[in-house]
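# Breakdown of the fold
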2 protein chains.
Amino acid sequence: MSKASWKGGALLAPVPPVLVSCGSGEKANLLTVAWAGLINTRPPRLSISVRPSRHSYPLICESGEFVVNLPTCRLARAVDWCGVKSGRDVDKFAAMHLTPLPAQQVSCPLVAESPVNLECRVFQRIPLGSHDLFLADIVAIDVDEELLDAAGRLQLEKADLLAYAHGDYYALGRRLGSFGWTVRKKKPRR
Amino acid sequence: MSKASWKGGALLAPVPPVLVSCGSGEKANLLTVAWAGLINTRPPRLSISVRPSRHSYPLICESGEFVVNLPTCRLARAVDWCGVKSGRDVDKFAAMHLTPLPAQQVSCPLVAESPVNLECRVFQRIPLGSHDLFLADIVAIDVDEELLDAAGRLQLEKADLLAYAHGDYYALGRRLGSFGWTVRKKKPRR
């Protein structure tokens, strides 16, 4: 367990490489954000970090709204491509054959092909250096009905979510347990 | 692609269920935080969210320091257990047979069994409701030398990292590509 000592770097992993939709109408755009995280449970809140040089940055500042579309392995190509191309030059929805759908609570479209869409409204922006941090309320969620069981519960394990770690995209693999499993009493054998 | 409409909820996934170490000496403690994310590249910065009721909360507030220890599948049991037990009642390092090691830049110990340790210093705390958001600089990194190749490059894909999604722990699965793969020119065939 010998350790090498490095200076600081952005090395948290795995992180979610989400497709963020923003803007509206003909100005709607997509960008990929891996610097994203949950920040609060009640009320539900998350953050995304965006470089001010990005085409999407003023779109998010102006409307104060965006949608976090959870990435799947099937969307890996679009996730990567939308992370390196600019909406200044191309319509990313059209180029990636993604379908914009109206959201419930915000003006920007959600990505139909993403199984879970988190509609967000910004309540604070904090410049941090290379990126600005947008803190946002998750005001509504759209979920693929195909992922709901008979009781209406979300079976997210069927969504084949995509993760990002140190420059690489990964599928989620085997399930190891659910929260609290180490302290739950086992059911008695019959 | 029919969508069910839900109210907002904390449903970003996958997220990193990191082991956070804090405090020092006999007061050193561990807590599990899945509400964690990268927030800035230059300078490298991340955030964690902690409930004020947690035993670790005043420890982080007092010292302004913590270490984010990346979780592996081998640590899944400790990650889950440290997320439901309190350091008020038990020494989590001892109970989980984890080894505290001195950090380079901060006073709290790092977890030797974690392959990558991010030493962090808080620069802002923002109360958000159920949780407080700690924004922190990543001031140093400790990396298992076993994960470095001959050129000293980190092979994080060998670390068997753990992810968390909607209440379940997952291993990372197959690698699908590296950042920018969709626009890279293929090497010419010989």
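Here we summarise the structure given alongside this text. Every value quoted in this text rests on a predicted model; they were computed, and no experiment measured them.

## Some thoughts on unusual backbone geometry
Peptide bonds are mostly trans, and most non-glycine residues show a negative phi. Residue Pro-14 of chain A is reached from Ala-13 of chain A by a cis peptide bond, and omega for that bond is -5°. On the secondary structure map, Pro-14 of chain A appears in the loop between β1 (3–7) and β2 (18–22). If you check the backbone angles, His-97 of chain A has positive phi at about 55° while not being a glycine. Phi is positive for His-166 of chain B, which is not a glycine, with a value near 55°.

## Looking at the relation of the copies chain B and chain A
Least-squares fitting of chain B to chain A yields an RMSD of 0.0 Å, with the superposition described by an axial translation of 0.0 Å and a rotation of 180°. Both chain copies can therefore be described as sitting about a two-fold axis. Closest approach to the rotation axis among the C-alpha atoms of chain B is made by Gly-173 of chain B, whose C-alpha sits 1.9 Å away. The residues that chain B uses at the interface reappear at the interface of chain A in 100% of cases, marking a shared surface.

## Section: the pairing of strand β3 (residues 29–33) of chain B
All names here are of chain B. Buried residues dominate β3, accounting for 5 of its 5 residues. On β3, burial covers both faces: Asn-29, Leu-31 and Val-33 on one face and Leu-30 and Thr-32 on the other are all buried. One ladder, built from 5 bridges, connects strand β2 (residues 18–22) with β3; its direction is antiparallel. Looking at the pairing, Leu-19 lines up with Thr-32 of β3.

## A word on the state of the cysteines
Residues and elements named next belong to chain B. Using the criterion set out here, one finds 0 disulfides over all chains in the structure. Here Cys-120 stays free of any disulfide, with the sulfur of Cys-108 as its closest cysteine sulfur at 8.7 Å. Since its relative accessible area comes to 0%, Cys-120 is described here as buried.

Cut-offs and rules
- Residues numbered from 1 in each chain as written.
- Chains lettered and ligands numbered in written order.
- Predicted model: local features only at pLDDT ≥ 70, side-chain atom pairs only at ≥ 80, totals over all residues.
- Heavy atoms only, no water.
- Helix = DSSP H or I, 4+ residues; strand = E, 2+ residues; numbered from the N terminus.
- Least-squares fit on C-alpha atoms with pLDDT ≥ 70 in both.
- Contact = heavy atoms within 4.5 Å.
- Buried < 20%, exposed > 50% of the residue type's maximum accessible area, 1.4 Å probe, protein only.
- Pairing = 2+ DSSP bridges.
- Disulfide = S-S within 2.5 Å.

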